[in-house]
Amino acid sequence: KAGVTQTPRYLIKTRGQQVTLSCSPISGHRSVSWYQQTPGQGLQFLFEYFSETQRNKGNFPGRFSGRQFSNSRSEMNVSTLELGDSALYLCASSPGVTGVTEQYFGPGTRLTVT
Amino acid sequence: GENVEQHPSTLSVQEGDSAVIKCTYSDSASNYFPWYKQELGKRPQLIIDIRSNVGEKKDQRIAVTLNKTAKHFSLHITETQPEDSAVYFCAAIKWTSGSRLTFGEGTQLTVNP
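Definitions and limits used
- Residues numbered from 1 in each chain as written.
- Chains lettered and ligands numbered in written order.
- Predicted model: local features only at pLDDT ≥ 70, side-chain atom pairs only at ≥ 80, totals over all residues.
- Heavy atoms only, no water.
- Pairing = 2+ DSSP bridges.
- Helix = DSSP H or I, 4+ residues; strand = E, 2+ residues; numbered from the N terminus.
- Core = buried A, V, L, I, M, F, W, Y, C linked by side-chain atoms within 4.5 Å.
- Buried < 20%, exposed > 50% of the residue type's maximum accessible area, 1.4 Å probe, protein only.
- Salt bridge = Lys/Arg side-chain N within 4 Å of Asp/Glu carboxyl O.
- Axes fitted to C-alpha atoms, helices over the stretch in contact; angles between N-to-C directions.

Participant: Quick one: what's the story with the pairing of strand β7 (residues 62-67) of chain B, residue by residue and with numbers?
Facilitator: Residue and element names in this part refer to chain B. As paired strands, strand β6 (residues 56-59) and β7 are joined by four bridges and run antiparallel to one another. Bridged to K57 within β7 is V64. Linking β6 to β7, which pair antiparallel, is a turn of two residues; within it Q60 sits at a positive phi near 55°. As judged from the six bridges shared by β7 and strand β8 (residues 72-77), these two strands associate in the antiparallel manner. Each bridged residue has a counterpart across the sheet, and for V64 the counterpart in β8 is L75.

This is the structure we're talking about:
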């Protein structure tokens, strides 16, 4: 099976702009979770989507949002970018059904805000 | 919410030695504990995991132990090799209604040839 893919791999944006990142999960997986990785804060959970519904949400401001499509592909959007949003954004794919919890990560999108 | 603490933050060993990384968690209802290895510039890779109904799990040179009473779990790597050098993350999850992983801060493992 193909692994988790993310596009784009790198992005440079200016403060105040918005950005959309995309994640395609492993075929058959219905859950997509998003994480932010920074040197100072480590890996932090943003949100999880399952069957096109947000099932879990982390402690991030409303500028961070997401959605999931019927084919399980997911996008996350960050509006009004701040310098502190510079990070590696990782998505993780899992089957999403009860009792099966292994999550597999994509390569990430490196976002730089200037 | 769940809190996971990981120690040490850096670990340097000689090739062939063993390495141990320890994590503690706060939510006694957590029931799944994965370990991820992240090499520089690469994605976190799931290397081993353990569920709350198991005390120990082994896969070749890697093993994980879980002590539910003390709420801690550990990663053991034996016969370390230079390619084991990476950042290792522990995580915990409570499977109730989602896949929210709470991660430890990470351990930079360096294996010196």
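Participant: Describe in detail the nonpolar core, supporting the description with residues and values.
Facilitator: Among the nonpolar cores identified, the biggest contains 24 residues, and W35, F73, L75, Y88 and L109 of chain B are the most heavily contacted of them. Within the residue set of this core, elements represented by two or more residues are β2 (10-14), β3 (19-25), β4 (32-38), β5 (45-51), β7, β8, β9 (86-92) and β11 (107-112) of chain B. With 21 residues, the next largest nonpolar core counts V4, L21, C23 and L46 of chain A among its residues.

Participant: Any details on the pattern of salt bridges? Residues and values, ideally.
Facilitator: All names here are of chain A. Summed over the entire model, instances satisfying the criterion amount to nine salt bridges over all chains. For D85, the salt bridge is made with R63, and the minimal N-O distance between the two is 2.8 Å. Remark: R63 occurs in the loop between β6 (53-57) and β7 (64-68) and D85 occurs in the loop between β8 (74-78) and β9 (87-94); sequence separation between them is 22 residues. You can call D85 buried: its relative accessible area is 4%. With a shortest N-O distance of 3.3 Å, R73 and E75 are connected by a salt bridge. Taking the relative accessible area as the measure of exposure, R73 reaches 25% and is therefore partly exposed.

Participant: Could you give an account of the sheet that holds strand β3 (residues 19-24) of chain A, with specific residues and numbers?
Facilitator: All names here are of chain A. Spatially, β1-β3-β8-β7 is the arrangement adopted by the four strands of the open sheet, whose pairing is antiparallel. Each of the sheet's edge strands pairs with one partner strand only, and the pair in question is β1 (5-7) and β7. Going from strand to strand, the sheet's axes swing by 20° on average, the running direction of each strand aside. Where β1 and β3 come together, three bridges link them in antiparallel fashion. Its bridge partner lying in β3, T5 is registered against S24.

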